[in-house]
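# Examining the three-dimensional arrangement
Spelled out, the chains give:
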Amino acid sequence: MLAAPAGREGVLGAMLQTSWQTSNVLALSIQAGLLTIHPGGMSNWLNVQTSWYFELGWTALWLIGFVLLYKPEKNSKKGEVNVEIA
């Protein structure tokens with residue numbers, strides 16, 4: 001969002017929110033399905049463990065993706081802000 005060109009912040013914000021919401025819906029629906037693997041639902045500790053490990057893996061996957069794909073903008077001089085005028 002900070003590196004968005006002037007005038008495109010709204011579109012990028014909408015894309016960011018859409019990806020967050022889609023990710024949340026997908027992760028929570030998978031987690032809800034994992035709570036029904038063994039009989040007993042949430043009262044069975046194996047279901048809770050499986051669901052928790054999925055959430056841990058999902059978070060790790062997004063964190064790895066962020067680390068690999070995020071490239072901050074490099075400025076030519078320290079403290080100088082590059083501004084493009086369209």
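Treat the numbers as computed from the prediction; the structure is a model and nothing was measured.

### Examining the packing of aromatic side chains
- Within the structure shown, the criterion is met by four aromatic pairs.
- When the ring of Trp52 is compared with that of Tyr53, the centres are 5.2 Å apart and the planes differ by 70°; the resulting orientation is edge-to-face.
- Ring centres of Phe54 and Trp58 lie 5.7 Å apart, and the angle between their planes is 35°; on these two criteria the pair is classed as tilted. Here Phe54 pairs with Trp58, and both are found in helix 2 (residues 45–69), just four residues apart, close to one helical turn.

### A closer look at helix 2
- With 25 residues, helix 2 extends 36 Å from end C-alpha to end C-alpha; this agrees with the ideal 36 Å at 1.5 Å per step.
- Where helix 2 is buried, its residues meet helix 1 (9–34).

### A look at the environment of Gly41
- Take Gly41: it is sitting in the loop between helix 1 and helix 2.
- Residue contacts for Gly41: discarding those within four places in its chain leaves Leu35 and Asn47.

### So, the side chain of Asn44
- Mapped onto the elements, Asn44 comes out in the loop between helix 1 and helix 2.
- In this structure the side chain of Asn44 is engaged in a polar contact, spanning 2.9 Å, whose partner is the backbone oxygen of Pro39.
- Excluding anything up to four places from it in sequence, Asn44 contacts His38 and Pro39.

### Side note on the side chain of Ser51
- Note that Ser51 resides in helix 2.
- Residue Ser51 is classed as buried on the basis of its relative accessible area of 2%.
- If near-sequence neighbours (up to four positions away) are discounted, Ser51 is found in contact with Gln31, Leu34 and Leu35.

### Comments concerning helix 1
- Taking 1.5 Å per residue as the helical rise, helix 1 with its 26 residues ought to reach 38 Å, and the 37 Å between its terminal C-alpha atoms agrees with that figure.
- Buried residues of helix 1: Gly13, Ser23, Ala27 and Leu34, and no others.
- Lining the buried residues of helix 1 we find helix 2.

### Looking at a nonpolar patch on the surface
- Taken together, Leu63, Ile64, Phe66, Val67, Leu68, Leu69 and Tyr70 make up a surface patch of nonpolar side chains, about 810 Å² in accessible area.
- Topologically, Phe66 is positioned in helix 2.
- With relative accessibility at 49%, the residue Phe66 sits in the partly exposed group.

Thresholds, definitions, all that
- Residues numbered from 1 in each chain as written.
- Predicted model: local features only at pLDDT ≥ 70, side-chain atom pairs only at ≥ 80, totals over all residues.
- Heavy atoms only, no water.
- Phe/Tyr/Trp six-rings, centres within 6.5 Å; stacked < 30°, edge-to-face > 60°.
- Helix = DSSP H or I, 4+ residues; strand = E, 2+ residues; numbered from the N terminus.
- Expected span 1.5 Å × (residues − 1).
- Contact = heavy atoms within 4.5 Å.
- Polar contact = N/O pair within 3.5 Å; in protein donor to acceptor, adjacent residues only side chain to side chain.
- Buried < 20%, exposed > 50% of the residue type's maximum accessible area, 1.4 Å probe, protein only.
- Patch = residues over 30% accessible without salt bridge, like charges linked within 9 Å, V, L, I, M, F, W, Y side chains within 5 Å.
- Areas by Shrake-Rupley, 256 points an atom, 1.4 Å probe, with all protein chains shown as cover.
- Salt bridge = Lys/Arg side-chain N within 4 Å of Asp/Glu carboxyl O.

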